[in-house]
Amino acid sequence: MPYARIDGRDLAYEEYGAAGAPAVVLVAGTGAPGRVWRAHQVPALRRAGLRVVTFDNRGLGPEPPGSFTLADLAADVAALIEYLGAAPCRLVGHSLGAIIVQEVVLARPELVDRAVLMAGGGRTDALIAAASAADLALADGGVRLPPAVAAHRHALQNLSPRTLDDDARLTDWLGLFELTLPDPAAVRAQLGLELIPNRLAAYRRITRPCLAVAFADDVVVRPRLTRELADAIPGCRYTQIPGCGHFGYLERPDEVNAELLGHLAGTRV
């Protein structure tokens, strides 16, 4: 895996597709590495002729709490785009990654052609704050849940009733979660960065075409929060994918990819 030297740090990234093709940078959410996009989004975007860039946000390893901020993560994305000579590029973010993308589009519009914001929001509500407090309590208390317990909790938070009611699919998801979920302490530095003040007024200054994608059964970032984000961004299109939870881009990848490709190609604005 190559590394970009950014802000005195090595940022791990991967590229797929032709070097001269239009670039799309995928920004993952809290605790998720860049490889989370490999199964579904990278192949679809490559087939569409795009140069796809994935990377690991800083904080996927032992770093002290408070060692970086949301602004630092947004600056990393901007610096990576410049390092790769990819501007103006397309940006796609999920959850915390969507917030990062929102901040990049606002602060550095010259680097961005258009953006997709999946499970994004423009403010913190009581449920997001409570979930973040719970994750921080586990990390700071040195509590590591048994893998089966962590997998069950993760499934209830991030999957739809449709998946939870499908025994075969749920068994696969639980097995995946048991093998891949990180120790909360290992991603402690990223925890809490989704707790943003109300940024809806600021996002009214965004000038690049945006698509806001909500997942109908999302209990982490409820669709109403993504809808009000779309309403705040001038000209932003809103769509809601049925039958999926917070991990909708993994639960319903075909439907999500169709929306991504339509917007990134400029056929849906």
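All figures in this text were calculated on a predicted structure; none of them were measured in a lab.

K.L.:
Is there a simple way to explain unusual backbone geometry in this structure?
P.N.:
Where the residue is not glycine, phi is negative for most of them; where a peptide bond is considered, it is trans in most cases. A cis amide bond links A87 with the next residue in sequence, P88, at an omega value of -10°. Inspection of the secondary structure puts P88 in the loop between α2 (70-84) and β5 (89-94). At S95, a residue that is not glycine, the phi angle is positive and equals roughly 60°. In this structure, S95 sits in the loop between β5 and α3 (96-107). Even without a glycine there, the phi angle at A119 is positive, about 55°. Within the fold, A119 resides in the loop between β6 (112-118) and α4 (126-140).

K.L.:
Could you clarify how one ought to interpret helix α5 (residues 147-158) in this entry?
P.N.:
Residues spaced three or four apart along an α-helix face the same direction, because each turn holds 3.6 residues. Its 12 residues give α5 an end-to-end C-alpha distance of 16 Å, which sits within 8% of 16 Å, the value for a rise of 1.5 Å per residue. Considered for burial, the residues of α5 that qualify are A150, A151, A155 and N158. One side of α5 holds all its buried residues, which, seen down the axis, span an arc of 135°. Among the structural elements, α6 (161-164), α7 (167-180) and α10 (248-251) are those in contact with the buried residues of α5.

K.L.:
Help me understand the packing of aromatic side chains in this model?
P.N.:
Any two aromatic rings considered together are summarised by their centre-to-centre distance and by the angle between their planes. All told, the structure shown has 4 aromatic pairs when counted by the stated rule. Between W37 and Y249, the ring centres sit 5.0 Å apart and the planes meet at 40°, which makes this aromatic pair tilted. With W37 in the loop between β3 (23-27) and α1 (41-47) and Y249 in helix α10, this pair connects stretches of sequence that are 212 residues apart. Centroid distance W173 to F177: 5.5 Å. Interplanar angle 45°. Geometry classified as tilted. Taken together, the residues W173 and F177, both in helix α7 and 4 residues apart, mark about one turn of the helix. For W173, a relative accessible area of 11% puts it in the buried group.

Conventions and cut-offs
Residues numbered from 1 in each chain as written. Predicted model: local features only at pLDDT ≥ 70, side-chain atom pairs only at ≥ 80, totals over all residues. Heavy atoms only, no water. Helix = DSSP H or I, 4+ residues; strand = E, 2+ residues; numbered from the N terminus. Expected span 1.5 Å × (residues − 1). Buried < 20%, exposed > 50% of the residue type's maximum accessible area, 1.4 Å probe, protein only. Arc of directions from axis to C-beta. Contact = heavy atoms within 4.5 Å. Phe/Tyr/Trp six-rings, centres within 6.5 Å; stacked < 30°, edge-to-face > 60°.

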